[in-house]
Amino acid sequence: MGLFTKDIKSLDDLFVHTLQDIYYAENQITKALPTMIGKATNAQLRQGFETHLRETEGQIKRLEQVFEMHGHKPKAVNCPAIDGIIKEANETAGEVADKEVLDAALLAAAQAVEHYEIARYGTLVAWAKRLGRDDCAAVLQQTLDEEKATDQKLTALAESRVNQKAA
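Sequence order sets the numbering: in each chain, residues are counted from 1 along the sequence as written. Where totals are concerned, whole chains, interfaces and linings use all residues; where local detail is concerned, this predicted model gives features only for residues with pLDDT of at least 70, and gives and counts side-chain atom pairs only at 80 or more. Calculation of side-chain values draws on the structure's entire complement of heavy atoms; hydrogens and water are dropped beforehand.

Engineer: Give a description of the layout of surface pockets that names residues and reports values.
Structural biologist: Grid spacing is 1 Å over the protein atoms alone, the probe is 1.4 Å, and a cavity is where that probe fits but cannot get out, while a pocket is an open set with protein on both sides within 12 Å along at least five of seven lines and lining residues have an atom within 4 Å of a point. Grid points are joined across faces, edges and corners, and a volume is the space filled by probe spheres set on the points. Roughly 390 Å³ of internal volume is contained in the largest pocket. Residue lining of the largest pocket: 27 residues in total, with G48, F49, H52, T150 and L154 positioned closest to the centre. Helix and strand definitions follow DSSP, with helices as H or I runs of at least four residues and strands as E runs of at least two, each counted in order from the N terminus. Within the residue set of the lining of the largest pocket, elements represented by two or more residues are helix 1 (11–39), helix 2 (43–69), helix 3 (80–95), helix 4 (99–130) and helix 5 (134–166). In terms of residue count, helix 2 provides more of the lining of the largest pocket than any other element does, seven residues in total. Asp, Glu, Lys and Arg are counted as charged, while Ala, Val, Leu, Ile, Met, Phe, Trp, Tyr, Cys and Pro are counted as nonpolar; the rest, among them Gly, fall into the polar class. Classifying every residue of the lining of the largest pocket by side-chain character gives 15 nonpolar, eight polar and four charged.

Engineer: I'd like a description of the pattern of salt bridges, backed by residues and values.
Structural biologist: Every case where a carboxyl oxygen of Asp or Glu lies within 4 Å of a side-chain nitrogen of Lys or Arg is listed as a salt bridge. With the rule as written, the count across this model stands at four salt bridges. When the shortest N-O distance is used, the salt bridge between D21 and R120 registers 3.1 Å. Of the two residues, D21 is situated in helix 1 and R120 in helix 4; the sequence distance between them amounts to 99 residues. A salt bridge links E91 to K87; the shortest N-O distance between them is 3.9 Å. With E91 and K87 both in helix 3, this residue pair falls four residues apart, about one helical turn. By relative accessible area, E91 is classed as partly exposed at 42%. Owing to a relative accessible area of 52%, K87 belongs among the exposed residues under this scheme. Each residue is assigned to one of three classes by its accessible area relative to the maximum for its type, calculated with a 1.4 Å probe on protein chains only: buried under 20%, partly exposed between the two thresholds, exposed over 50%.

Engineer: Could you give me a rundown of the nonpolar core, with the residues and numbers involved?
Structural biologist: Among buried residues, those of type Ala, Val, Leu, Ile, Met, Phe, Trp, Tyr and Cys that are joined through side-chain atoms within 4.5 Å constitute a nonpolar core. Residues F15, L19, L45, F49, I82, L106 and L140 are the most contacted members of the largest nonpolar core, which totals 47 residues. For this core, the secondary-structure elements that each account for two or more residues are helix 1, helix 2, helix 3, helix 4 and helix 5. Contact between two residues is taken to exist if any of their heavy atoms lie within 4.5 Å; hydrogens are not considered. Among all residues touching L19, those that are not within four sequence positions of it are L63, V66, F67, L124 and L140.

Engineer: Go over the packing of helix 1 against helix 5 with me, naming the residues and quoting the values.
Structural biologist: The contact between helix 1 and helix 5 brings their axes to 14 Å, and the two run at 35°. As helix 1 packs across helix 5, the resulting crossing turns out to be left-handed. Residues F15, L19 and E26 of helix 1 pack against C136, L140, T143 and E147 of helix 5. Fitted lines through C-alpha atoms give the axes, limited to the stretch in contact for helices. The angle between two N-to-C directions lies from 0 to 180 degrees. In this scheme the crossing of two helices becomes right-handed for a clockwise turn of the near helix relative to the far one and left-handed for an anticlockwise turn of less than a right angle.

Engineer: Please provide a residue-by-residue account of the side chain of R62, values included.
Structural biologist: As for its position among the elements, R62 is in helix 2. Accessibility expressed as a relative area gives 15% for R62, which makes it buried. A polar atom in the side chain of R62 sits 2.9 Å from the side chain of E146. Setting aside residues up to four positions removed in sequence, R62 forms contacts with V139, Q142, T143 and E146. Contacts described as polar in this section are N or O atom pairs within 3.5 Å, which, within protein, must combine one atom able to donate a hydrogen with one able to accept it, while residues neighboring in sequence count only if both atoms come from side chains.

Engineer: Go over helix 1 with me, naming the residues and quoting the values.
Structural biologist: A helix is expected to reach a length of 1.5 Å times the quantity of its residues less one. For helix 1, built from 29 residues, the straight-helix expectation of 42 Å at 1.5 Å per residue is met to within 8% by its first-to-last C-alpha distance of 41 Å. Bend is the name given here to the angle between axes fitted to two runs of seven residues, the run ending at a residue and the run starting at it. Of all the bends in helix 1, the greatest, near 30°, is centred on A32, and the proline P34 appears no more than four residues after it.

Engineer: Outline the packing of aromatic side chains, supporting the account with residue identities and numerical values.
Structural biologist: Any pair of Phe, Tyr and Trp rings, taking the six-membered ring for Trp, is counted once the centres come within 6.5 Å. Such a pair is stacked with planes under 30 degrees apart, edge-to-face with planes over 60 apart, and tilted for the rest. Counted by the stated rule, this structure contains one aromatic pair. Ring centres of Y23 and F67 lie 5.5 Å apart, and the angle between their planes is 80°; this geometry places the pair in the edge-to-face category. Taken together, the positions of Y23 in helix 1 and F67 in helix 2 put the pair 44 residues apart, joining distant regions of the chain. Taking relative accessible area as the criterion, F67 reaches 1% and is therefore assigned buried.

The following block contains the structure:
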């Protein structure tokens, strides 16, 4: 099923498609984070990535719960947006020799991922409520809150340490 194809006929169809999209994205993020952990030289950044990997694994379980609550089996559809963000992060990180600048690049890439996730989860929460699925919205809201908190932590780390060292 592609976005804006005849397979999406209702808000419910779009909700399920977007669940599948973010399910794919979260799984790709769990594959990308170990590389980011390995490249990060700032201890706080590395620890943040490790924490986010564990959170992401929990978020995948929550998505599986929402699929089940909504009467669907968990399924992923390709998400070109997250693939592009991860590809760009890998390309940029591969070009940076200075370790402190590399940390800044990794942190910026992580924030791009967080902002994508915040946009997706915010939309899913709104659609779930519109569809009368407050139960699904509540589960998705937990993840949205985690994503926002992670973004705030990354911003604080960037502003207090990583960007200063890279400058």
